[in-house]
Amino acid sequence: MILDAHPGYIAWRDYEENLRRLQENAQIQGIEKRSAVREGPSLLQGLAICGVCGSRMTVGYRQRKAGVYPFYICQGPREVDRIDKGYCQRVSGYSLDKAIGSLLVETVTPLALEVALSVQQELQSRWDEADRLRRLQVDRARYESELARRRFLRVDPDSRLVAASLEAEWNSKLHALSEAEQNYERQCQADQLTVSTVQREQVLALATNFPQLWNDPGTADRERKRMVRLLIEDVTIRKGEQVQLDVRFRGGVSKTLMLPRPLSFCESHKQNPAMVAQMDRLLDDYNYADVARILNEKGFKTGDGLQVTSPAVGYIRKAYRLKSRCEQLRERGLLTASEIARRCGVSTNTIFDWRRKGRICAHAINDRNQFLYEDPGPNPPRRHARKVWIDESLSR
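Below you will find a few notes about this structure. Computed from a predicted structure; not experimentally measured. (Residues numbered from 1 in each chain as written. Predicted model: local features only at pLDDT ≥ 70, side-chain atom pairs only at ≥ 80, totals over all residues. Heavy atoms only, no water.)

A few words now on the overall build of the protein chain. A tally of regular secondary structure across the protein chain gives 15 helices and nine strands. Of all 396 residues assigned to the protein chain, the portion counted as buried reaches 31%. When contacts within the protein chain are restricted to residue pairs at least 6 apart in sequence, those whose partners lie at least 24 apart make up 52%. Surface exposure of the protein chain reaches about 26500 Å², of which carbon and sulfur atoms provide 52%. (Helix = DSSP H or I, 4+ residues; strand = E, 2+ residues; numbered from the N terminus. Buried < 20%, exposed > 50% of the residue type's maximum accessible area, 1.4 Å probe, protein only. Contact = heavy atoms within 4.5 Å. Areas by Shrake-Rupley, 256 points an atom, 1.4 Å probe, with all protein chains shown as cover.)

The geometry of helix H9 (residues 273–282) relative to helix H10 (residues 288–297) is characterised by a closest axis approach of 10 Å and an angle of 140° between their N-to-C directions. When the interaxial angle is binned, H9 and H10 end up oblique. The hand of the H9/H10 crossing is right-handed. Along its contact with H9, which presents Met275, Gln278, Met279 and Leu282, the element H10 presents Val291, Ile294 and Leu295. Residues belonging to the contact of H9 with H10 are distributed by class as follows: six nonpolar, one polar and no charged. (Axes fitted to C-alpha atoms, helices over the stretch in contact; angles between N-to-C directions. Parallel < 35°, antiparallel > 145°, perpendicular 65-115°, else oblique. Left-handed = near helix turned anticlockwise from the far one by under 90°. Nonpolar A, V, L, I, M, F, W, Y, C, P; charged D, E, K, R; others polar.)

Let's shift gears to a positive patch on the surface. Taken together, Arg62, Arg90, Lys239 and Arg261 make up a surface patch of like positive charges. Judged by relative accessible area, lysine 239 falls into the partly exposed class, the value being 30%. (Patch = residues over 30% accessible without salt bridge, like charges linked within 9 Å, V, L, I, M, F, W, Y side chains within 5 Å. Salt bridge = Lys/Arg side-chain N within 4 Å of Asp/Glu carboxyl O. Lys, Arg positive; Asp, Glu negative; His and termini not counted. Charge placed at Lys NZ, Arg CZ, Asp CG, Glu CD.)

This next bit is on the pattern of salt bridges. Following the criterion strictly, the structure yields 13 salt bridges and no others. A salt bridge links arginine 226 to glutamate 223; its shortest N-O distance comes to 2.9 Å. Taken together, the residues span about one helical turn, with arginine 226 and glutamate 223 both in helix H7 (residues 221–231) at a distance of three residues. The network of salt bridges with shared partners includes Asp139, Arg142 and Glu181.

On the surface, Met1, Leu3, Tyr9, Ile10, Trp12, Tyr15, Leu19 and Leu22 cluster together into a nonpolar patch covering about 990 Å² of accessible area. In this fold, isoleucine 10 is placed in the segment before helix H1 (12–25). The class of isoleucine 10 is partly exposed, set by a relative accessible area of 47%.

Moving on, we come to the packing of helix H13 (residues 337–344) against helix H14 (residues 348–357). Viewed as axis vectors pointing N to C, H13 and H14 meet at an angle of 100°, and their least axial separation amounts to 8 Å. As judged from the angle between their axes, H13 and H14 are roughly perpendicular. Of the residues in H14, those touching H13 at Ala337, Ser338, Ile340, Ala341 and Cys344 are Thr348, Ile351, Phe352 and Trp354. Within the contact of H13 with H14, the residues separate by chemical class into seven nonpolar, two polar and no charged.

Rolling a probe over the atoms, with the probe sized like a water molecule, indicates the empty space that remains. Here the structure, examined in full by the defined rule, presents one cavity of 30 Å³ or more. Around the largest cavity, the lining residues are Arg134, Gln137, Val138, Ala180, Asn183 and Tyr184. Among the secondary structure elements, those contributing two or more residues to the lining of the largest cavity are helix H4 (110–154) and helix H5 (160–190). In terms of residue class, the lining of the largest cavity is built from three nonpolar, two polar and one charged. (1 Å grid on protein atoms, 1.4 Å probe; cavity = no way out; pocket = protein on both sides within 12 Å on 5 of 7 lines; lining within 4 Å. Points joined across faces, edges and corners; volume = space filled by probe spheres on them.)

Let's shift gears to the pairing of strand S4 (residues 89–92). Of the two faces of S4, the one lined by Gln89 and Val91 is fully buried and the one lined by Arg90 and Ser92 carries no buried residue. Pairing of strand S3 (residues 67–74) with S4, which is carried by four bridges, proceeds in the antiparallel orientation. The partner of phenylalanine 71 across the bridge, within S4, is serine 92. (Pairing = 2+ DSSP bridges.)

What follows is about the side chain of arginine 317. In this fold, arginine 317 is placed in helix H11 (residues 310–319). Within the structure, arginine 317 has its side chain in polar contact with the backbone oxygen of leucine 322 (distance 2.9 Å). Once residues lying within four places of it in the same chain are set aside, the contact partners of arginine 317 are Leu283, Tyr288, Leu322, Lys323 and Ser324. (Polar contact = N/O pair within 3.5 Å; in protein donor to acceptor, adjacent residues only side chain to side chain.)

Our next topic: the sheet that holds strand S2 (residues 58–64). Across the sheet, which stays open at both edges, the three strands sit in the order S2-S3-S4 with antiparallel pairing between neighbours. Whereas interior strands pair on both sides, the edge strands pair on one side only; in this sheet they are S2 and S4. Between one strand axis and the next, the sheet turns by 25° as a mean value, whatever way the strands run. In the packing of helix H3 (residues 94–107) onto the sheet, the strands contacted are S3 and S4, and the crossing angle to S3 comes to about 95°.

Next up on the list: the pairing of strand S5 (residues 232–239). Remark: a regular strand shows side chains that alternate across the two faces of the sheet. Summarising the sheet, strand S1 (residues 48–50) and S5 pair through three bridges and their orientation is parallel. Within S5, the residue paired with cysteine 50 across the bridge is isoleucine 237. Of the pairings in the sheet, the one linking S5 to strand S6 (residues 242–249) comprises seven bridges and is antiparallel in character. By the bridge assignment for S6, isoleucine 237 is matched with leucine 245. Hairpin connection from S5 to S6: two residues lie between these consecutive antiparallel strands.

Here the focus is the sheet that holds S6. Overall, mixed pairing links the four strands, which are arranged S1-S5-S6-S7 in an open sheet. Looking along the sheet, the strands with just one partner apiece sit at the ends: S1 and strand S7 (254–260). The sheet shows a mean angle of 25° between the axes of neighbouring strands, direction not considered. Relative to S6, H3 is tilted by about 40°, and along the sheet it contacts S5, S6 and S7.

Encoded structure:
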């Protein structure tokens, strides 16, 4: 194959890059590939490596009230292992992605970019020196080729053996010159170009633009993942008492992050113990609606981060097996409408009427107009007591 023998639609380097990208994106090749950037908020899609078996970790998503949450799962190097032993690792991805995003924002700083540009300038100076030495090799090969040509032209045509020897030497020098020129061209294409002043200013401007672009809600998840792939080669995940992330940047630099082990869904949505204790105390004196109002005034939230409502108080009370308002009032000796009606020798409708008129003390047990009543003792209210008092007054 002779490169650049004819003009191509794209450069040879672009062609090789396209082949590499296609090979990475081909899922049929196996789980060891990085895979193409796809939809979804997971930043490490195609970059996460299992720290136990070394396989590529796949990505899954769960729909929650607050949105879509990713998780990373290692299915093992072989399907038979997955069937026999189950999943190798399974890690919630929300805290991992958040830590990776913070790391990238901290990494792309003016100081880091200035150091990178300084290193690039040092490398450029070395490339220039290497380019000078390669040019000297080409000049030396060209001089020797020209010298061999002159020797061949000056030989006597009758001296056939000498002419054949000089011609062979000339051809050898031409071949060496051709190899030196091709090697020089290849090395020049491989070397990076000099960073101009404008390009240097653009690179330094990334330190300000990158955090803004990264934190912008309008930035698509696909674009964030593309930025991650430009900076990070892969991330090895090992789950133990803590989650260890070994981040390998492009260029070989590595960094290790130790993160708290992500909580399960039940653990992350567990109710605040202080709120549960406060609710238990409030149920002695208030119904569900009042308990919810007081808890909201004190700044408490449910496990889902929502406002406390009357139904939520009921759900939490049952989940934590707290005594209900009715049970607590019953333990204090309060009576139902039927019980106090039998004790007073009246109907329940009379009890309801006495409660509305304030003749007996009642306590609401819920938000549905249900009450328990205090024991009136040895002198309960009497039916038609107001009428008897009026008749006695008139008779006097």
